[in-house]
Amino acid sequence: MENPQLIGRELVEWFRVNQRDLPWRRDYSPYGVWVSEIMLQQTQVAAVIPYYLRWMERFPDVASVAASNEEEVLLYWEGLGYYTRARNLYKAARLMVERFQGEVPTTRQQLLALPGVGPYTASAILSLAFNRDVPVVDGNVERVVARLLDLGCPIKSAEGRREVLRAATDWLVEGKARLYNQALMELGALVCTPSDPQCPSCPVVSHCRAFRLGTVEDRPVRPPRPRLEEIQTAVAVLWDRGRIYIQKRRAGGLFAGMWEFPGGKIEDGESPRQALARELWEELGVHVQIEEKIGRIRHAYTRFRVTLHAYSCRLRPSGQQVTARAAEQGRWVDPRDLGRYAFPAANRRLIRSLQEMPGSGA
DNA sequence: AATACGTGGGG
DNA sequence: TCCCCAAGTAT
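The structure displayed is predicted, hence computed values, not measured ones. (Residues numbered from 1 in each chain as written. Chains lettered and ligands numbered in written order. Predicted model: local features only at pLDDT ≥ 70, side-chain atom pairs only at ≥ 80, totals over all residues. Heavy atoms only, no water.)

Visitor: Quick question: what am I supposed to make of the pairing of strand β1 (residues 229–240) here?
Guide: The side chains of a regular strand alternate, first on one face of the sheet and then on the other. With nine of 12 residues buried, β1 lies mostly within the body of the structure. The pairing of β1 with strand β6 (residues 304–315) spans 11 bridges and is parallel. The partner of T233 across the bridge, within β6, is L308. The pairing of β1 with strand β4 (residues 263–265) spans three bridges and is classified as antiparallel. Bridge pairing links A234 to G264 in β4. One ladder, built from two bridges, connects β1 with strand β2 (residues 243–248); its direction is antiparallel. Across the sheet, residue W239 finds its bridge partner in β2, namely I244. Counted between consecutive antiparallel strands, the loop separating β1 from β2 contains two residues, among which R241 sits at a positive phi close to 50 degrees. (Buried < 20%, exposed > 50% of the residue type's maximum accessible area, 1.4 Å probe, protein only. Helix = DSSP H or I, 4+ residues; strand = E, 2+ residues; numbered from the N terminus. Pairing = 2+ DSSP bridges.)

Visitor: I keep staring at the protein's contact with DNA strand C and nothing clicks. Help me out?
Guide: Neighbouring DNA strand C are 28 residues; G116, D138, N140, P194 and R227 lie closest to it. Backbone atoms, meaning sugar plus phosphate, form 68% of the atoms of DNA strand C positioned within 4 Å of the protein. Taking R25, its side chain carries an N or O atom lying 3.1 Å from a base nitrogen of DNA strand C. For DNA strand C, a sugar or linking oxygen lies 3.5 Å from a polar atom in the backbone of L40. (Near = heavy atom within 4 Å. Polar contact = N/O pair within 3.5 Å; in protein donor to acceptor, adjacent residues only side chain to side chain.)

Visitor: Help me understand the protein's contact with DNA strand B, please; the structure alone is not making it clear to me.
Guide: Surrounding DNA strand B, one finds 17 residues, the nearest of these being Y83, L254, T302, R303 and A345. Each atom of DNA strand B within 4 Å of the protein belongs either to a base or to sugar and phosphate, the latter forming 60%. For DNA strand B, a sugar or linking oxygen lies 3.1 Å from a polar atom in the backbone of Y82. Backbone polar atom of F255 to a phosphate oxygen of DNA strand B: 3.2 Å apart, as the coordinates give it. Of the residues contributing to the surface near DNA strand B, the split by class is nine nonpolar, seven polar and one charged. (Nonpolar A, V, L, I, M, F, W, Y, C, P; charged D, E, K, R; others polar.)

Visitor: Hey, could you run me through the packing of aromatic side chains in this one?
Guide: The relative placement of two aromatic rings is captured by the distance of their centres and the angle of their planes. What the rule picks out here adds up to 10 aromatic pairs. Measuring from centroid to centroid gives 4.6 Å for W55 and F59, while their planes differ by 50 degrees, and the two rings are tilted. For W55, a relative accessible area of 1% gives the class buried. Seen from their ring centres, F255 and Y301 are 5.3 Å apart, and the 80 degrees between their planes marks the pair as edge-to-face. Here the residue F255 occupies a position in the loop between β2 and β3 (259–260), and Y301 occupies one in the loop between β5 (288–300) and β6, the gap between them amounting to 46 residues. (Phe/Tyr/Trp six-rings, centres within 6.5 Å; stacked < 30°, edge-to-face > 60°.)

Visitor: When you look at the domain arrangement of chain A in this model, what are you seeing that I'm missing?
Guide: Note: interface size is frequently given as the accessible area lost on complex formation between the parts. You can read the domains of chain A as domain 1 (4–218) and domain 2 (229–356). Domain 1 puts eight residues into the contact, and the matching count from domain 2 is 13 residues. Both sides together, the interface formed by domain 1 and domain 2 hides about 840 Å², and carbon and sulfur atoms give 53% of it. On the domain 1 side of the contact with domain 2, E71, E78 and Y83 bury the most area, a combined 54% of that side's loss. For the pair domain 1 and domain 2, the number of links is two salt bridges. For E71, the salt bridge identified is with K248, shortest N-O distance 2.8 Å. If you look at where domain 1 meets domain 2, you find five residue pairs in polar contact (both at pLDDT 80 or more). Element by element, the count of residues in the side of domain 1 that touches domain 2 is highest for helix α5 (residues 70–77), at four residues. Taken together, the residues of the side of domain 1 that touches domain 2 break down into four nonpolar, no polar and four charged. (Domains from an automatic or database assignment. Contact = heavy atoms within 4.5 Å. Buried area = accessible area lost by both parts, 1.4 Å probe. Salt bridge = Lys/Arg side-chain N within 4 Å of Asp/Glu carboxyl O.)

As C-alpha cells, then:
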C-alpha cells in the first residue's frame, strides 16, 4: 500500500455513516466499554444488547458490581453463556475497588491483570474508552485483513497472527483508534461477513486482494471444527410438600456455581428411568418415585449435544432427608422462586415448559 | 499448544 | 434437523 492510512481513513469515514446505534456507543465510559467488551467475547451483538441494558440498570458502576455477589451476577448473566466471564467480572470489580478507587485502570499492564481481560479486551478498552493508539485483533479483524491481503496461511498460525497485527497497526489512523478499530470490526460484522459477504457495498473493495482473486469465501483459512459429542441425560423435577429440589454446582468446570435439577448421564444399556433412579441414589442418597415424563429437550453446549429427558418425581416417604453428595448445596424451593436462581439454558427451558403445564403446581 | 468454556440465530 | 459460527480468556 502506498499510503497505509488511506484504508484506515476510508474505513473511518464509512463507520461514521454506517455504524449501528448501540447502547455502549453512547458515551464510551470506561465502565460501559469494559462490561460490553466482556459480554461481546464470542457473542453476537444482538444477543448482548438486552443483557447489557439490564446489567447497566442494575449495576450502573464498578462499585455496584463489587457490592453485589457472584450469585446475583450469574443471575444477570443467565443465558449469555461462558459464565466464567460473569464470575471474573465480579472478581475484577472488587479488584478495581480495592486498587483503583472503583475506576477502570488505564494501562495495559493493569488491565491485563484483571481476570477476564486478555490481549483483545485490554486493547479494546485502551482504544474505545481512552482513544489510545492501539490496534485490536478480534475475529472480525482477522477476517477482514485475511481477505484484504488474501492471506493463505492458517489465520491462527504464528505467521497469520503476525500479518494481521501488522496490517491492523499499519492502517491505524493516528488519534482515531476509537473510530478506526470499531470500523474494522463493524465492517466484519455487517459487510465482510463469514458467509455471503456484501462485497459490492464494501468501502475498501478496491483494495481487496481476495475479491480480485475470487478467494473471498476461502479466507480466512480456519481449522475444521471438532464434532460435538452426543450424550443423553435424565433429570428429575423432584417434588415434596409443594417444593422442588435444586442443587448448586461446585466451583470449577462447566456451569460452576449455577443451579440445576439433579440427574445425570444415561449410560449404555440403561433406560432413562433406570439412569435417573441410579443418579438420584448416588447424588442424593434417596429412592424416589419416578412419575411421568414431562419433557425432552435438545441442547448444544460447548462440546456436547445433549438430549435431556425430564421426569416428574416424588420423594417417598415424604420429608426424608436428602443429602447433596455431588453438589455444593441442595435446596427445596417454591416453584415460584425458580426465577431467583441462575440455571443453564437447558434447565431454564425445562422450567419454562413446566410453568406452561396446567396443574403442574409450577 | 491444545483444550475447555455456552448460546441462539441464520442458512 | 444440521451445520456454521460470534467483539476471547484461562490454563
